[in-house]
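# Inside the fold
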Amino acid sequence: MRTGNIERLLQLCALLMSREHAHTARQIREEIPYYRRCKTATAFRKQLQRDIRTLREIGVPVEVDAETYEYSVRPKRYHHPIVEFTADELNCICLATKAVARAFPGFRAEAEAALRKIQFGAWQEARAAEQHGAHVDLRPVAPSGGLEEEDLRTAAQAVLRRWRLRLDYQALDETKPVERLVSAYGLAAFQGQWYLVGYCHERRAVRTFKCARIRALRLHSSSPDDPEFEMPPDFSLRDHVGLEYWQLPSERGPTDVLVRFSPEISWWARRRFGSFASSLMETDAGLTMTISAANPDALVDMLLSEAHRAEVLGPPGARRRAVQALRQIAGEHQET
Amino acid sequence: MKEPPAQVVEKLLTVVPYLLSRSGLEEGPVRVPIQELVRDLNVSESELEFLASVLNLCELPPYGPTDTFDCTIESGWVSLWIARAPFKRPVRLSARQAEVLALGVRAVGVASPELAEAASRVLRKLEAVPAEGISPDASRILLLTEQAEEDEARLRQVLNQAMTDRQAVRLTYFSHFAGGIEEVLVAPVALLLAYGEWYLRAFVAGRDRVLTFRVDRIKDAVVSGPAGAMREVEKPLEHEESLTFSDTFPVEVELPATAARILEEGKPPFLSRVHYLPGRKRARLHMVTNSVAWLCRLVLGYGGAAQVVRPPQIRGEVARAAQAALAVYSRAQS
């Protein structure tokens, strides 16, 4: 690594903070040895602009006077303010940093840098918070799941900057990838997988793309500066990601499924389906509840995995489906 | 060290004020135990050595004899001296850093109801910190986790406290592997949120090994006394390792190709190989498991679309599980 770049950035930062008055580009060139060595004024200007962009990216608030073209950093705006966090807030921040580092390796450096700044001056409290949460680990997605680290970062950039992406996407029912142009609305990790949600220009609708099925991903424009689309005001990422299969709309439409769980697992059923259920009734025979399912067939199939511990009571079509499936399984697996 | 210069500068802009804050500029060189720096700033010793070497090469304007850094690392101590430096506190959070942290904080708030209130307070404070604020677009990147129920949050608190106090816990657990409710005495090792679910890693008495339990299937957890007699397991094992079975047997299951592809995308540790049949409408999964009960659940959950191909004795177990369920359906509905 060339330490000259680091020294130059530190010098520029210190120079812009060190005096009460702002500096013109010419003064900056005179004060910093590296810039003096630039062969042309154009080379110096380009280098200065790159350096200012870099400093801004790490949080240094470099200001430019629109009339005089003088540069400055006001110490009051530079220094991270003293923000007091309670023990549980610090615990939450420590866990959040772990979660980001695990789920989003491309953003690990940013998360850890943020943690260092936030903990500044509150080391003892931070240590106590970290110790409190030492046994807890957050890994919202599998490290190997989905896109390459760099692609995921590009997708996140596109969401944050409202850029369009070109995807080579292989849908579940297609044999080879198809190119899609997508306005990147949102990105979410759910049950070990990343999902990109966006407006698909080919399908002319909002679509959810499982990142594990994206074979290649790139920005539509090589270096977009401005946002490339407007967000629909009523867009909510949670409407598109975070639903189980039985909660996804189906041809049969939403149906209330009446289910009885055996006493052995009624506590679990209450925990698992309680927020989607109505008319809960607990008796010696178990817990009966009505579960509202957008895809009742998928719910019935899922309940079959509970075998004798869950019984679909109605509607008749759902019960029939359960019985037929069980008969089929019993018949097909009969020992010969 | 392959970090880009911006990241190194960002670290220096925190390390320098950290060291200076440990005394005062006028009070001469600061000496801080290296382990404290490593712990507080989450940087390794080798990183610190590199940062010190960079600092020693840097001069700051106006380049007088006292405008150079003198940073040394010796016998476990770091010392720094510079006559004046404008960096009194770290540089404020960049918008990106605040956004990334907010992303994690939102995930914690959803995953842990007990921390939801703290998470929203943190978010409010973060939004007020950077000059530009957090872009509203930042909320469109989410780490979604299952919305945990209140009683599950209470369980996690009990388990976390037991780990801190080194207590053993008696679990009532709905085990898919055992095929029903079981009671086990465990020494909790770690709580892990992975693949959208909370897991407990715990050393299990009588089995002499660390096993993984899904927290949503723990019916109850009761502290039962010091865990001292049980084997100490200081370091949480990797989640990937935790899902690796032992005493396994091979199984072959046939199911629709789309279902196989979905399973394949999740890269579950039990899946050895997928073989798509001619026409690619069906596929055969070659997998390993150590639990018949778990395999029966898997097959039943496909609603008749999946079949165990071999071994034959497992086919019989699946048939028996389906018949037991049918017996429930054949009773008169009450």
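Provided above is the structure to which this section pertains.
All of the points below concern the structure found in this document. Because the structure is predicted, anything quoted here is derived from the model rather than measured.

### Structural notes on the overall build of chain B
The number of helices and strands found in chain B is 10 helices and 13 strands. Here chain B holds 334 residues, and 55% of them are scored as buried. In the form shown here, chain B has an accessible surface area of approximately 14,300 Å², with 53% of it arising from carbon and sulfur atoms.

### A word on the overall build of chain A
Broken down by element type, chain A carries 12 helices and 12 strands. Taking 20 Å as the expected radius of gyration for a compact globule of 336 residues, we find that chain A reaches 28 Å, considerably beyond that expectation. Here chain A, with 336 residues, has 53% of them falling under the buried criterion. At a minimum sequence separation of 6, the contacts of chain A that also span at least 24 residues come to 57%.

### Points about the packing of aromatic side chains
Note on aromatic pairs: each is described by the distance of the centres and the angle between the planes. For the coordinates displayed, the defined rule picks out 13 aromatic pairs over all chains. Lying over the aromatic face of A:Tyr34, A:Arg8 brings its terminal NZ or CZ to 4.3 Å of the ring centre. The positively charged end of B:Arg280 is found above the aromatic ring belonging to B:Tyr276, 4.4 Å away from the centroid.

### Quick look at the state of the cysteines
Residues and elements named next belong to chain A. Counted by the stated rule, this structure contains 0 disulfides over all chains. There is no disulfide at Cys92, and the cysteine sulfur nearest it, in Cys94, is 9.3 Å away. Owing to a relative accessible area of 0%, Cys92 belongs among the buried residues under this scheme. Cysteine Cys211 shares no disulfide, and the gap to the nearest cysteine sulfur, in Cys200, comes to 14 Å. Judged by relative accessible area, which is 2%, Cys211 ranks as buried.

### Some thoughts on the interface of chain A and chain B
Interfaces are often described in size by the accessible area the parts lose on coming together. Listed by partner, the interface residues are 134 residues for chain A and 129 residues for chain B. With both chains or domains summed, chain A and chain B bury close to 11,700 Å², and 61% of this area falls on carbon and sulfur atoms. Inspection of the region where chain A meets chain B yields 9 salt bridges. Among the salt bridges present, the one from B:Glu10 reaches A:Lys117, with a minimum N-O distance of 3.3 Å. Top element by residues in the side of chain A that touches chain B is helix α6 (residues 87–103) of chain A. It accounts for 12 residues.

### Examining the pairing of strand β6 (residues 193–200) of chain A
Residue and element names in this part refer to chain A. Within β6, 7 of the 8 residues are buried, which leaves the element mostly enclosed by the surrounding structure. Relative to β6, strand β5 (residues 178–190) is paired through 8 bridges, and the arrangement is antiparallel. If you follow Val182 over to β6, its bridge partner there is Cys200. The antiparallel hairpin formed by β5 and β6 contains 2 residues in its connecting segment, where Gln191 sits at a positive phi of about 45°.

### Observations regarding helix α12 (residues 316–332) of chain A
Residues and elements named next belong to chain A. With 17 residues, α12 ought to run about 24 Å at 1.5 Å a step, and its terminal C-alpha atoms sit 24 Å apart, in line with that. Among the residues of α12, those classed as buried are Ala318, Arg319, Ala322, Val323, Ala325, Leu326, Ile329 and Ala330. Taken down its axis, α12 places every buried residue within 160° of arc, on the same side. Within α12, the exposed residues directed more than 90 degrees away from the buried face are Pro316, Arg320 and Arg327.

Rules used in this analysis
- Residues numbered from 1 in each chain as written.
- Chains lettered and ligands numbered in written order.
- Predicted model: local features only at pLDDT ≥ 70, side-chain atom pairs only at ≥ 80, totals over all residues.
- Heavy atoms only, no water.
- Helix = DSSP H or I, 4+ residues; strand = E, 2+ residues; numbered from the N terminus.
- Buried < 20%, exposed > 50% of the residue type's maximum accessible area, 1.4 Å probe, protein only.
- Areas by Shrake-Rupley, 256 points an atom, 1.4 Å probe, with all protein chains shown as cover.
- Rg over C-alpha atoms; globule rule 2.2 N^0.38 Å.
- Contact = heavy atoms within 4.5 Å.
- Phe/Tyr/Trp six-rings, centres within 6.5 Å; stacked < 30°, edge-to-face > 60°.
- Lys NZ or Arg CZ within 6 Å of the ring centre and 35° of its normal.
- Disulfide = S-S within 2.5 Å.
- Buried area = accessible area lost by both parts, 1.4 Å probe.
- Salt bridge = Lys/Arg side-chain N within 4 Å of Asp/Glu carboxyl O.
- Pairing = 2+ DSSP bridges.
- Expected span 1.5 Å × (residues − 1).
- Arc of directions from axis to C-beta.

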